[in-house]
Amino acid sequence: MTVFRTVRMPRFLRRSLRSPRLAVGAIGLLIFLIVAIAPGAFTSQNPATQNLRARFQPPVWLEEGTAGNPLGTDRLGRDLWSRTLYASRVSITVGLSSVLISGLVGVALGVIAGYFSGLAGTIIMRIADVQLGIPPLLLVIAVAGILGPSLRNVIIILAISGWVIYARTARGLVLSLKENDFIQGARALGASHFRVIVKHLVPNILVPLTVIASQQMALMILRESTLSFLGIGVPPDIPTWGSMIADGRVVIEYAWWVSAIPGLALLTAVLCINFLGDGLRDVLDQRLRM
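The present account deals with the structure reproduced in this document. Every value quoted in this text rests on a predicted model; they were computed, and no experiment measured them.

1. A few points about the packing of aromatic side chains
Applying the stated criterion across every chain yields a total of four aromatic pairs. Between F32 and W241 the ring centres are 6.1 Å apart and the planes differ by 80°, which places this aromatic pair in the edge-to-face class. Highlighted residues: F32 in helix α2 (residues 20–37) and W241 in helix α9 (residues 241–248), separated in sequence by 209 residues. This pair shows no difference in class: F32 is buried, exactly as W241 is. Judged by centre distance (5.8 Å) and plane angle (80°), the ring pair of W256 and W257 falls under edge-to-face.

In C-alpha cells:
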C-alpha cells in the first residue's frame, strides 16, 4: 500500500470543507483566474491609455482621489485599477503554463530515470544535479538575457528552471514503488513497461506532485515578476505586476500607491496559491493523519 493513495471524491470534499486554508486558497485563486480570463468585465478603461494631466492621482480613499481612477494613476496617468487587472492575466498565464510544461517534462524524465535506471537514469539525474548547482534566479536571468523579452520566452525560461524538482521527486517515488508486490504482480501477468508506468506507477505519484505543482506556481509567478521588475521579462508595453512595481520605486516617497497596489496584488495571489498548496497537502497527504 502506498503512502500517497487516491482519495475518493466525497471523502476529499468533506476533508476540504474542514481545511480553511484550502478553501481560502481555492476561492482566491478562482477569483484571480476569473479576472485573468476577462479583465475587461471589471473595468472599462484601457490599461495603456495615458493622461498626463491626471498623473500620480491618489486612490479614491485619499484626498484628491476620484472614482474614475479608484486605485490612482501612475507617472503617465494610466489607471492602476485596469493595469493591475490586466497584469493578472500575464502572471496567471505564466504560472499555469510554466508549471504545466515543467511538470510534464520533469515527471516524464523522473519516471524514466526511476523505472529504467541504468545509463538513461544516470544521465538525467546528472543533468539535474548540474542545474541544481546553479542558483535558480541566476539561471533564469541568464537565459532571459539570451532569449530576449517575450511572454513565450518567459514561459520557456521558467519551465527550464522548474523541471528538476518534479524529476527528482518522481524518480524517488518510482524507486520506492517499483519493487512493491502490485508492480511485480503486474509484470508477472505480462504487463508491458508502458502499461505498468501509466496504469500503476503514475496514478500513485500524482498526489505529492500535485501539491508540489501548486506551490511551484507561486514561485513561478514571483520569478516572472522579478524578470519584469528587471526589464527582461515580457515586453514593456504589456502591464505586469513586476514592471508596475519597478515603475513606482523611484516615486515611492510621494506616490506610494504606484508600487503598493501591484505589490499587494502579487502578495495576495502568492498567498492564495500557497494556502491552496498547504491545504491540498493537509487533505491528500496520508502521513499527516497517521
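Next comes the rest of the write-up.
2. Re the packing of helix α4 (residues 118–132) against helix α6 (residues 151–177)
Where α4 contacts α6, the two axes come as close as 10 Å, and the packing angle between them is 130°. Taken together, the axes of α4 and α6 are oblique relative to one another. Handedness of the crossing formed by α4 with α6: left-handed. Of the residues in α6, those touching α4 at I124, M125, I127, A128, D129, Q131 and L132 are I160, S161, W163, V164, A167, R168 and R171. For the contact of α4 with α6, the per-class residue count stands at nine nonpolar, two polar and three charged.

3. Here's the deal with the pattern of salt bridges
Using the criterion set out here, one finds five salt bridges in the structure. The partner of D74 in a salt bridge is R83, and the shortest N-O contact between them spans 3.8 Å. When sorted by exposure, D74 lands in the same class as R83, which is buried. For R168, the salt bridge identified is with D129, shortest N-O distance 2.8 Å. Within this pair, whereas R168 is found in helix α6, its partner D129 is found in helix α4, the two being separated by 39 residues in sequence.

4. Let's talk about the layout of surface pockets
Where empty space is left becomes clear once a probe the size of a water molecule has been rolled over the atoms. Volume-wise, the largest pocket comes out at about 260 Å³. As for the largest pocket, its lining consists of 16 residues, of which F32, W81, T84, L85 and A265 are closest to the centre. Mapped onto the lining of the largest pocket, the elements with two or more residues apiece are α2, α3 (80–116) and α10 (257–284). The leading source of residues in the lining of the largest pocket is α10, at five residues. In this model, the second largest pocket occupies a volume close to 210 Å³. Looking at the lining of the second largest pocket element by element, the count peaks at three residues for α9. The residue makeup of the lining of the second largest pocket, split by class, is seven nonpolar, four polar and four charged.

5. Examining a nonpolar patch on the surface
Taken together, the side chains of V24, L264, L267, L271 and F275 make up a nonpolar region of the molecular surface, amounting to roughly 430 Å² of accessible area. Residue contributions to the nonpolar patch peak at four residues, all from α10. Relative to the assigned elements, V24 resides in helix α2.

6. Some thoughts on the side chain of S150
Locating S150 in the fold gives a position in the loop between α5 (136–147) and α6. Within the local environment of S150, its side chain forms a polar contact with the backbone nitrogen of N153, the two atoms lying 3.1 Å apart. Those residues in contact with S150, other than ones at most four positions away along the chain, are G233, V234 and P235.

The rules behind each value
- Residues numbered from 1 in each chain as written.
- Predicted model: local features only at pLDDT ≥ 70, side-chain atom pairs only at ≥ 80, totals over all residues.
- Heavy atoms only, no water.
- Phe/Tyr/Trp six-rings, centres within 6.5 Å; stacked < 30°, edge-to-face > 60°.
- Helix = DSSP H or I, 4+ residues; strand = E, 2+ residues; numbered from the N terminus.
- Buried < 20%, exposed > 50% of the residue type's maximum accessible area, 1.4 Å probe, protein only.
- Axes fitted to C-alpha atoms, helices over the stretch in contact; angles between N-to-C directions.
- Parallel < 35°, antiparallel > 145°, perpendicular 65-115°, else oblique.
- Left-handed = near helix turned anticlockwise from the far one by under 90°.
- Contact = heavy atoms within 4.5 Å.
- Nonpolar A, V, L, I, M, F, W, Y, C, P; charged D, E, K, R; others polar.
- Salt bridge = Lys/Arg side-chain N within 4 Å of Asp/Glu carboxyl O.
- 1 Å grid on protein atoms, 1.4 Å probe; cavity = no way out; pocket = protein on both sides within 12 Å on 5 of 7 lines; lining within 4 Å.
- Points joined across faces, edges and corners; volume = space filled by probe spheres on them.
- Patch = residues over 30% accessible without salt bridge, like charges linked within 9 Å, V, L, I, M, F, W, Y side chains within 5 Å.
- Areas by Shrake-Rupley, 256 points an atom, 1.4 Å probe, with all protein chains shown as cover.
- Polar contact = N/O pair within 3.5 Å; in protein donor to acceptor, adjacent residues only side chain to side chain.

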